[in-house]
Amino acid sequence: MSFRHVDQYAAVVSPVTRTVPTARLLGTVTLAAGSAALPFGAWMPLAVLFLAVLLIARAARVPARQLFIRTTGPFVLVFLASAGLLVLVPGEPLFTLGVLKVSSQGLERFAFVLGRASVALSAAVILVSTTSFPELLHAFRELRLPHVVTASLGVGYRLLYILVDELERLQRAARSRNAGTGSTTRRRLLVGITAAGLSRAFSRGERTHRAMLARGYAGDVPALFSQSWDRRSTLALVMLVLLVGIVLGGAHILS
Amino acid sequence: MEMLVVVSDLSYRYPDGTAALNGVSFAVAAGERVALLGPTGSGKSTLLQHLNGLLPATAGSVAIAGITVVPSTLRDVRRRVGLVFQDPNDQLFLPTLLEDVAFAPLNDGVPAHEAAHLARETLAELGLAGVEHRAAHHLSGGERRLAALATVLVSRPAVLVLDEPTGDLDARSRRRLVGLLLRREETLLVATHDLGIAESLCRRGVVLHEGRVVADAALGDLLVDRALLERYGLAAPLE
Ligand SMILES: Nc1ncnc2c1ncn2[C@@H]1O[C@H](COP(=O)(O)OP(=O)(O)OP(=O)(O)O)[C@@H](O)[C@H]1O
Ligand SMILES: [Mg+2]
């Protein structure tokens, strides 16, 4: 499973991982919000933001290849979702696809949406590549997300891995008995594995609940961590916010 | 002698009607190490969950340090009984080991920084210093076992109850675990079908079969009783 490796760069020490997770999370939000707030046609400012993201990726030691591969999935979604712009934006027709006329304005809007998305997505990929899930949870906690939310995210996170493990074991067991060669048998196998997986998920949940009770659980998962900000994080975040602010301001003045 | 664990005539039926325990009685003295032996499905796990009040007795009773296990005493009982589950994954449900180990002290009202300190100390005692910020799925099977053990040792329970603690361990991790347990002073109750582990940890054995105690004797005597071991599926018959 690919998500097994989601937090693989968290262990790499870099200028980015030396900031507190909350600063990383806020930085990501700043970049995403900044790119979303750019007026249409502000290509230069967009390029500046994109360059900034690439530099941050570099500082975080996230290889460009990795960045590219990880953004592809969500990027395709954005691509499909905004393809409508090509034909919906009125303007001079550039070329026709069957009955659909693609206007040059439509093409530009479409390209701009993709550009903005790639800034936000790359920033998000850098965040999850440099920040482990537990750290992200601390960040959420620091930003005062309700405790119920962070606590259930925490328990859910472990449960997810346990279930994936279980599904993989079921699948391996079925495969090792040469199951699933024809397409109908494979479909039936999938149904079987899903059903077995679900029933295991339920009994797993029950056993985990008992394990919690055994250790004095009384309806609340108490938080252990509180983390302190340091100067470095503040400085990094302030610089990023300034950069995005300047770029945005410039873009709005120019347009 | 002061009896720390007293199980009297305990019976339990699962909601689906399976009679898992049928009048189990035995007692464990403070400081004793007892192996709970029995073939698969004999009721070992079911019995252990009663020691912690996780399952309510259908008939009979359990008392820990003189406290009868009833809903109103669960808090006190659970503080005294440290139960390590058969599958460590059931026990490690938080994002990092440190949080998992600090879970019980926090529930007990220990302030966060102190709970974190206790958790670190316990993990270090078990040789897990350095992995405390990892998630359980980034650990090996053996480390996960030790981590599950840490989650209950941190509360300094009077009785340590282990369900099949060596299930998926290799010989070396097994020896390590035995060494660790032998150095501890807690009263120990270990459910297992691994006679080797039972022998290296315990002096006394209680054999369970179809929810009944069928033998309760010095382990040395039990282990040479070939007929008994074969009858209850604890040893394969000789060819
Ligand atoms: N949740 C449940 N619902 C119904 N019956 C159950 C449940 N859990 C266990 N049983 C049944 O109760 C009996 C005792 O099970 P238990 O798990 O206590 O055995 P065990 O001695 O721990 O076995 P093993 O050595 O395989 O772990 C078995 O017949 C089992 O099928
Ligand atoms: Mg069992």
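Undergrad: So what about the site of ligand 1? Which residues, and what values?
TA: Residues and elements named next belong to chain B. What surrounds ligand 1 is a group of 14 residues, the closest being Thr-40, Gly-41, Lys-44, Ser-45 and Thr-46. Between an oxygen atom of ligand 1 and a main-chain N or O atom of Gly-41, the distance comes to 2.8 Å. Here Thr-46 contributes a side-chain N or O atom positioned 2.5 Å from an oxygen atom of ligand 1. Taking 630 Å² as the accessible area of ligand 1 by itself, protein coverage stands at 66%. When residues in the shell around ligand 1 are grouped by element, the largest group, 3 residues, is from helix α1 (residues 44-51). Per-class residue counts for the shell around ligand 1 are 3 nonpolar, 9 polar and 2 charged.

Undergrad: Which residues make up the coordination of the magnesium ion (ligand 2), and what values do they have?
TA: Residue and element names in this part refer to chain B. With distances of 1.9 to 2.5 Å, the protein atoms coordinating the magnesium ion (ligand 2) are Ser-45 (OG) and Gln-86 (OE1). Of the two residues, Ser-45 is situated in helix α1 and Gln-86 in the loop between β6 (81-84) and α3 (88-91); the sequence distance between them amounts to 41 residues. With relative accessibility at 22%, the residue Ser-45 sits in the partly exposed group.

Undergrad: Mind laying out the interface of chain A and chain B, listing which residues take part and the relevant values?
TA: By a widely used convention, the size of an interface equals the accessible area lost when the partners come together. Taken together, the contact pairs 29 residues of chain A with 33 residues of chain B. Carbon and sulfur atoms make up 60% of the area that chain A and chain B hide from each other, which totals about 2800 Å². The largest contributions to the chain A side of the interface with chain B come from Arg-158, Arg-215 and Leu-224 of chain A, which together make up 32% of the buried area. Of the charged contacts in the structure, one is a salt bridge between Asp-100 of chain B and Arg-215 of chain A, with a shortest N-O distance of 3.9 Å. Applying the counting criterion to the chain A and chain B interface returns 7 residue pairs in polar contact (both at pLDDT 80 or more). Taken together, the elements giving at least two residues each to the side of chain A that touches chain B come down to α6 (133-142), α7 (147-176) and α8 (183-214) of chain A.

Undergrad: Describe the pairing of strand β7 (residues 159-163) of chain B, and please don't skip the residues or the numbers.
TA: Residues and elements named next belong to chain B. β7 sits mainly inside the fold: 5 of its 5 residues count as buried. Here β7 shows two buried faces, one formed by Val-159, Val-161 and Asp-163 and the other by Leu-160 and Leu-162. As paired strands, β6 and β7 are joined by 4 bridges and run parallel to one another. Paired with Val-81 across the strands is Val-159, a residue of β7. As defined by bridge partners, β7 adjoins strand β8 (residues 187-192) across 5 bridges and the pair is classed as parallel.

Undergrad: Mind laying out the pattern of salt bridges, listing which residues take part and the relevant values?
TA: Residue and element names in this part refer to chain B. In the structure shown here, the tally under the stated rule is 18 salt bridges over all chains. Among the salt bridges present, the one from Glu-32 reaches Arg-204, with a minimum N-O distance of 3.1 Å. Note that Glu-32 is positioned in the loop between β2 (19-29) and β3 (33-37) and Arg-204 in strand β9 (residues 204-209), a separation of 172 residues in sequence. Residue classification places Glu-32 among the partly exposed positions, given a relative accessible area of 23%. Taking the relative accessible area as the measure of exposure, Arg-204 reaches 14% and is therefore buried. Here Arg-184 and Glu-125 are joined by a salt bridge, their closest N and O atoms 3.1 Å apart. Here Arg-184 is found in the loop between α7 (171-182) and β8, whereas its partner Glu-125 is found in helix α5 (residues 112-125), with 59 residues between them in sequence. Judged by relative accessible area, Glu-125 falls into the partly exposed class, the value being 38%.

Undergrad: A description of the domain arrangement of chain A should follow, citing residues and the corresponding values.
TA: By the assigned domains, chain A splits into domain 1 (21-132 + 226-254) and domain 2 (146-214). Once you take the C-alpha centre of each, domain 1 of chain A and domain 2 of chain A turn out to be 36 Å apart.

Undergrad: Run through the packing of helix α4 (residues 97-107) of chain B against α5 of chain B, naming residues and quoting values.
TA: Describing two packed helices takes the angle between their axes plus the distance from one axis to the other. All names here are of chain B. With their axes 8 Å apart at the nearest point, α4 and α5 run at an angle of 120° to one another. With respect to α5, the element α4 is oriented oblique. Of the two possible hands of crossing, α4 and α5 adopt the one that is right-handed. In contact with Leu-97, Leu-98, Val-101, Ala-102, Pro-105 and Leu-106 of α4, α5 contributes Ala-112, Ala-115, Ala-116, Leu-118, Ala-119, Arg-120, Thr-122 and Leu-123. Along the lines of polarity and charge, the residues of the contact of α4 with α5 split into 12 nonpolar, 1 polar and 1 charged.

What counts and how
Throughout, a residue's number is its position along its own chain's written sequence, starting from 1. Labels follow written order: the first chain is A, the first ligand is 1, and so on. In view of the model being predicted, local features appear only for residues whose pLDDT reaches at least 70, and side-chain atom pairs are presented and counted only at 80 or more, with totals across whole chains, interfaces and linings using the full set of residues. Values shown for side chains rest on all heavy atoms present in the structure; no hydrogens or waters enter the calculation. One heavy atom within 4 Å of a molecule or strand makes the whole residue count as near it. Whenever two N or O atoms come within 3.5 Å, that pair is a polar contact, provided that in protein one can donate a hydrogen and the other can accept it, and provided that, for residues adjacent in sequence, both atoms are side-chain atoms. Exposure was quantified through the Shrake-Rupley algorithm and a 1.4 Å probe, taking into account, for residues, occlusion by the shown protein chains and nothing else. Strands here are runs of E lasting at least two residues and helices are runs of H or I lasting at least four, both read from the DSSP assignment and numbered beginning at the N terminus. For this scheme, ten residues count as nonpolar: Ala, Val, Leu, Ile, Met, Phe, Trp, Tyr, Cys and Pro. Four count as charged, namely Asp, Glu, Lys and Arg, and the remainder, Gly too, count as polar. Here the term donor refers to an N, O or S atom within 2.8 Å of the metal (or 3.2 Å for Na, K and Ca), and because water is left out of the atoms, sites may appear incomplete. Exposed residues in this analysis have more than 50% of their type's maximum accessible area, buried residues have under 20%, and partly exposed residues fall in between, with area computed by a 1.4 Å probe over protein chains only. By definition, residues are in contact when any of their heavy atoms lie within 4.5 Å. Joining two parts hides part of their accessible area as seen by a 1.4 Å probe, and the buried area is that hidden amount summed over both. For this document, the term salt bridge refers to a Lys or Arg side-chain nitrogen within 4 Å of an Asp or Glu carboxyl oxygen. Following DSSP output, two strands are said to pair if at least two bridges run between them. These domain boundaries are the output of an automatic or database domain assignment. Fitting a line to C-alpha atoms yields each axis, with helices limited to the stretch in contact; the angle taken between N-to-C directions then spans 0 to 180 degrees. Here roughly perpendicular refers to angles of 65 to 115 degrees, roughly parallel to angles under 35, roughly antiparallel to angles over 145, and oblique to all remaining angles. Crossing handedness follows the turn of the near helix against the far one: under a right angle anticlockwise gives a left-handed crossing, and clockwise gives a right-handed one.

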